[in-house]
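Structure assessment
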Amino acid sequence: HLCKSYEFAWTCIDNYENSFKEQDQVSNYENSELHLYKASIMEEAGKFEEALACLKQNESQIVDKLSLWEAKGRISMFLGRHEEAQEQFKKLVKINPEHQVYALAYMASQSEFASFWPPLPAPQNGEENPAAVPKSVLSFPNTLHPQGMPVFGWLPPRHALKPQRRLVIGRKQHKRRIDTLETEVPLNDEQQEAVVKLFEELREEFPKSDSLKRLPLFFITGQLFKAKLDEYLRNRLRKGVPSLFRTIRSYYFSPEKPELVQELLLQYVKCLKEDISWFGPPVGGTAEPPKMCDEEPPTALLFTLMTLAEHFDFMGETHKALEHVDEAIAHTPTLVELYACKARIFKHAGDLEKSAKCYEEVREMDLADRYLNTQCVRAMLRVDDTQGGMEKALLFSKEPDSHEAANLHDMQCMWYESAVGRSYYRQKKYGKALKQFHETFKHFSDIAEDQFDFHNYCLRKTTLKAYVAMLRMQERLYSHKFYRRAAKDAVKIYLELYDAKVAGVDGVAGGDKADGYPQAAGWAGDGAAKTGNEDELSAEEKKKLKHKKKREAQKQEQKATTTAQNATATTGKPKKVDDDPDGEKLLQQDFMEQASKIVRTMVTFSGLDSATHVMTYEVFSRQKKVLHCLQALRQLWELGGEDKFYYKLVAPLTHFCFVMDLEKDVPEQICKEVVLPEIAVILGGEGATPFTSVAQMREAASKVVDQVEARIKGASDIFLVEVLYGLKCLKAAGRDRAALLEAWKPQGVMCLKESRKLLAYLEKEFGKDSPAWTKLQKRCTEFFPLMVIS
């Protein structure tokens, strides 16, 4: 099956079934799994008729009805039998009316919606043509269609990738979620009414379903959207649903909808503050305030204020958000969600210290809440209070008295390791940071090794579909978000250490020395401790040094033994002792070798992540491996929609053309036959004439640099991240950035994260006294009044 010998695979299953046909040795569950697995093989082979016939023939023997109906509905849709698909998905909606995928699939199987919400197309064997995949596929999981969205954390399919997902909403910049429901074309009024009618019919059958009330709001616009949202919000504000804003947040990525939400919320607040509290007249209608006995409860105003505060926070209006959340706290000072909301507002505004204090207050209001404790830990780590964060995290550990976070490692708590590692990186404690990232790498190695425990078990229990899913997960294991995050941060540290070593900087930031720079080995390249040049010492001094090292080693060994004995006496179990708590051994390794090892893994498993190829270029350009760099540029160009002005491509592309010495580092024949033709495709598009010389290549690259420079000068809607990569591009091309930055004025909507990155880059390149840094710092203060700039 996994080798794509599909017919041989289902023939083997047939032979297995025939051998036990006369004997009653196979359980009902085993029979059921075999039939479903056989149908899935036929489906993958493109034999949809045979797969559907197999399911119908053995329907009475299949006990997993949910998987059966999902498969029948999916395959019927692939075959164009939409009435059969409707029947199956209607059954699934009846079983679970809150599952939005079933309702969306039921809608996709209706022919009247095919123009904007088409049925799922039959998957093709081999590479899927992105143009043939409808946008609506991204609203379904990959269990329903191979080109659908995977579970959070895994890389999306290639057709889902967009070079630029940034979107301006109000005064704030956001990234559009890939799996937000998106139609093929905008709907007209008749189509919107048809969608509303479909979901109202379903709601009559399943009146308690929240999803069936929420989903049609994705497809309608204007006053119809406002009227239906009005109905939706009133009941939930009356009940007091703290997570209401998170539910409606997806609508903000559609034009005009944020303004309509704001109009409703402001109306609610105004009317709820009247003598007789009410939500006001319905949209498009008129009404008088109700009688005193029918007025809204006081909590309606409370939750409306909180939702409005979250709305203004999302729109980038921090002062209004704080004003409304403070009003809500004055109304009911005991609601813990209000303080958590205020902490989030401070975080988004750039004041991490106040955010951490608010989260600590939230945690103290409910000491038994693990989620609130976790949010407090993350807030402390954002302000680099690693010790306080670890102490709070250990409050819910089995060993709260432990002075180490060993229990967190055993639980594979990767979000914690990432947050702590990044905190140590900001503190320049590189050894400890690398220690955390390597702990994450170890988790993934353990997961890969643990699969061997499941081979015999899954075959013995005949859980064949789950077994195949597990094997396929193992194939893409190292593409998970936590691994990619740790890899990116680790490579960043290794490159900084390598650059410092090449520049001759004496020492590495990584330990707990007074100056933050321990005497780590590794600069010498041979792994020996750097305590001076031992060849210049006298025989007596060498002898003293040898005894000193021996005493220190014995002291460390004795300390480790005592710690282990104390732990055993306390818990009754031997405790693991970390012989390298500060990660100093990691600083003794070859930095470039470790970075190369990580990026090779990333290229193999995470080729669809643009950050992979940016890191690959950074690593191999330092080693002058031109062909590896060229491969990374080609991948970036393809991921950027074959756009040579893709912001992540311009800097490495310009570095390749102007900084790398192609005539010296590459044999002449390889340069003419491989490098120049490939780089011509990137600079000129498919079918471009190969360059005849490096000078001709640089002339073409200069035109790209000219346009990047012109965009920084003239475009008012340029994002800061594009300015950052553009400045790196100009530096590689040898252009005068100082003159450009004197005339540059930061404009448009800004992003907090990108603002910090550009400020750090300008400080590093030009210093805090430079006009460019001062202008950007002033603009950041105007845009983010609470932002703390160190």
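Figured I'd write up the structure that's included with this text. (Residues numbered from 1 in each chain as written. Predicted model: local features only at pLDDT ≥ 70, side-chain atom pairs only at ≥ 80, totals over all residues. Heavy atoms only, no water.)

1. Focus: the overall build of the protein
Applied cut-off: Runs of H or I in DSSP of at least four residues are treated as helices and runs of E of at least two as strands, each being numbered from the N terminus. Buried means the residue's accessible area, taken with a 1.4 Å probe over protein chains only, is under 20% of the maximum for its type, while exposed means over 50%, and partly exposed covers the values in between. Contacts were defined at the residue level, with two residues in contact if any of their heavy atoms lie within 4.5 Å. Accessible surface is estimated by sampling points in the Shrake-Rupley manner with a 1.4 Å probe; for residues, cover comes only from the protein chains shown.
Within the protein one finds 35 helices and two strands. Here the protein, with 790 residues, has 48% of them falling under the buried criterion. The long-range share in the protein, meaning contacts at least 24 apart out of those at least 6 apart in sequence, stands at 63%. Carbon together with sulfur atoms contributes 50% to the accessible area of the protein, which is approximately 39900 Å² in total.

2. Overview of the environment of tyrosine 425
Relative to the assigned elements, tyrosine 425 resides in helix H19 (residues 414-426). Measuring from C-alpha to C-alpha, the distance between tyrosine 425 and aspartate 489 comes to 8.5 Å, with 64 residues separating the pair along the chain. With residues up to four places along the chain from it excluded, the contact list for tyrosine 425 reads Tyr430, Ala433, Lys492, Ile493 and Glu496.

3. Some points on unusual backbone geometry
The backbone of glutamine 412 shows a phi angle near 55 degrees, a positive value even though the residue is not glycine. If you trace the backbone, glutamine 412 turns up in the loop between helix H18 (406-410) and H19. Accessibility expressed as a relative area gives 30% for glutamine 412, which makes it partly exposed. Although it is not a glycine, glutamate 642 adopts a positive phi angle of roughly 55 degrees.

4. So, the pairing of strand E2 (residues 172-175)
Inclusion rule: Strand pairing is defined by DSSP finding a minimum of two bridges between the two strands.
Taken together, the four bridges between strand E1 (residues 166-169) and E2 define a ladder with antiparallel strand orientation. Directly across from valine 168, in E2, lies its bridge partner glutamine 173. Taking the residues that link successive antiparallel strands as the turn, the E1-E2 hairpin has two residues, and the phi of glycine 170 there is positive, at about 65 degrees.

5. Here's the deal with the nonpolar core
The criterion, for reference: The nonpolar core is taken to be a set of buried Ala, Val, Leu, Ile, Met, Phe, Trp, Tyr and Cys residues, with the residues joined through side-chain atoms within 4.5 Å.
Judged by nonpolar contacts, the single largest core of 114 residues is most densely connected at Trp117, Phe219 and Ile248. Here the element with the most residues in this core is helix H12 (residues 298-314); it accounts for 10 residues. Filtering out sequence-adjacent residues up to four positions away, tryptophan 117 remains in contact with Leu104, Met107, Ala108, Ser136, Ser139, Phe140, Leu181, Glu182, Thr183 and Phe219. Leu408, Val491, Leu497 and Ala772 belong to the second largest nonpolar core, which has 108 residues in total.

6. With respect to the packing of aromatic side chains
How we decide: Note on ring pairs: Phe, Tyr and Trp rings are taken, using the six-membered ring of Trp, and paired if centres are within 6.5 Å. Classes follow the plane angle, with under 30 degrees stacked, over 60 edge-to-face and the rest tilted. We call a charge positioned above a ring when the Lys NZ or Arg CZ atom is no farther than 6 Å from the ring centre and deviates by at most 35 degrees from the ring normal.
Here the structure, examined in full by the defined rule, presents 22 aromatic pairs. Seen in terms of ring centroids, tyrosine 252 and phenylalanine 314 are 5.2 Å apart; in terms of plane orientation they differ by 75 degrees. Their pairing is edge-to-face. Placement of the pair is tyrosine 252 in the loop between helix H10 (244-248) and helix H11 (257-272) and phenylalanine 314 in helix H12, with a sequence separation of 62 residues. You'll find tyrosine 252 and phenylalanine 314 in the same group, each marked buried. Measuring from ring centre to ring centre gives 5.9 Å for tyrosine 425 and tyrosine 430, while their planes differ by 35 degrees; the resulting arrangement is tilted. The structure contains a cluster of three or more aromatic residues connected by ring pairs, namely Phe441, Phe444, Tyr478, Tyr483 and Phe605. Across the ring face of tyrosine 232, the terminal group of arginine 236 is positioned such that the distance to the ring centre comes to 4.0 Å. Directly above the ring of tyrosine 725 sits lysine 728, whose terminal nitrogen or CZ lies 5.3 Å from the centroid.

7. Structural notes on the packing of helix H9 (residues 222-239) against H11
In a packed pair of helices, the relevant descriptors are the angle between the two axes and the axis-to-axis distance. Formally: Between N-to-C directions, angles span 0 to 180 degrees; the directions come from axes that are lines fitted to C-alpha atoms, helices contributing only their stretch in contact. For this classification, under 35 degrees means roughly parallel, over 145 means roughly antiparallel, 65 to 115 means roughly perpendicular, and everything else is oblique. Crossings are assigned a handedness: left-handed for a near helix turned anticlockwise from the far helix by less than a right angle, right-handed for a clockwise turn. Residues are sorted three ways: Asp, Glu, Lys and Arg are charged, Ala, Val, Leu, Ile, Met, Phe, Trp, Tyr, Cys and Pro are nonpolar, and all the rest, Gly among them, are polar.
The geometry of H9 relative to H11 is characterised by a closest axis approach of 10 Å and an angle of 45 degrees between their N-to-C directions. One element, H9, and the other, H11, form an angle in the oblique class. The way H9 lies across H11 gives a crossing that is right-handed. Between H9 and H11, the residues in contact are Gly222, Gln223, Phe225, Lys226, Leu229, Asp230, Leu233, Arg234 and Leu237 and Lys257, Leu260, Val261, Glu263, Leu264, Gln267 and Tyr268, respectively. Broken down by class, the residue content of the contact of H9 with H11 amounts to eight nonpolar, three polar and five charged.

8. Topic: a positive patch on the surface
For the record, the criterion: Each patch is built from residues lacking any salt bridge and having more than 30% relative accessible area; the joining distance is 9 Å for like charges and 5 Å for nonpolar side chains (Val, Leu, Ile, Met, Phe, Trp, Tyr). A carboxyl oxygen of Asp or Glu within 4 Å of a side-chain nitrogen of Lys or Arg is what we treat as a salt bridge. In summary, the charge assignment counts Lys and Arg as positive and Asp and Glu as negative, without counting His or the chain termini. Note on charges: their place is set at NZ of Lys, CZ of Arg, CG of Asp or CD of Glu.
A contiguous patch of positive charge on the surface is contributed by Lys175, Lys428, Lys488, Lys492, Lys728, Lys753, Lys757 and Lys764. Within the residue set of the positive patch, elements represented by two or more residues are helix H23 (481-503) and helix H34 (752-766). No other element matches H34, which puts three residues into the positive patch. Among the secondary structure elements, lysine 175 is positioned in strand E2.

9. What to know about the packing of H34 against helix H35 (residues 771-783)
Taken N-terminus to C-terminus, the directions of H34 and H35 make an angle of 160 degrees; their axes are 9 Å apart at the nearest point. What the angle tells us is that H34 and H35 run roughly antiparallel. The two elements H34 and H35 cross, and the hand of that crossing is left-handed. Of the residues in H35, those touching H34 at Ser755, Leu758, Leu759, Leu762 and Glu763 are Ala772, Trp773, Leu776, Gln777 and Cys780.

10. Let's talk about helix H32 (residues 720-732)
What counts, and what does not: A helix is expected to span 1.5 Å for every residue after the first.
The first and last C-alpha atoms of H32 sit 19 Å apart over 13 residues, in line with the 18 Å expected at 1.5 Å per residue. For H32, the tally of buried residues reaches 11 of 13 residues, placing the bulk of the element in the interior. If you follow the buried residues of H32, they end up packed against E1, helix H28 (647-658), helix H31 (694-714), helix H33 (737-743), H34 and H35. Downstream of H32 by one or two residues, glycine 734 has phi in the positive range, about 75 degrees.

11. Things to note about the side chain of serine 596
Mapped onto the elements, serine 596 comes out in helix H25 (residues 591-605). Excluding residues that lie within four positions of it along the chain, serine 596 makes contacts with Val619, Phe620 and Gln623.

12. A word on helix H7 (residues 189-205)
Convention followed: It is the directions from the helix axis to the C-beta atoms whose arc is reported.
With 17 residues, H7 should cover 24 Å at 1.5 Å per step; its first-to-last C-alpha distance of 25 Å lies within 8% of that length. Residues of H7 that are buried include every one of Gln191, Gln192, Val195, Val196, Leu198, Phe199 and Leu202, and no others. One side of H7 holds all its buried residues, which, seen down the axis, span an arc of 155 degrees. Of the residues in H7, the exposed ones pointing more than 90 degrees away from the buried face are Asp189, Glu190, Lys197 and Glu204.

13. A short note on the pattern of salt bridges
Tallying each qualifying case throughout the model produces 42 salt bridges. Among the ionic pairs, arginine 176 bridges to glutamate 182, the shortest N-O distance being 3.9 Å. By relative accessible area, arginine 176 is classed as buried at 19%. Judged by its relative accessible area of 23%, glutamate 182 is partly exposed. We note a salt bridge from arginine 234 to aspartate 230, for which the minimum N-O separation is 2.7 Å. One end of the pair is arginine 234 and the other is aspartate 230, both in helix H9 and four residues apart, which spans about a single turn. Accessibility expressed as a relative area gives 15% for arginine 234, which makes it buried.

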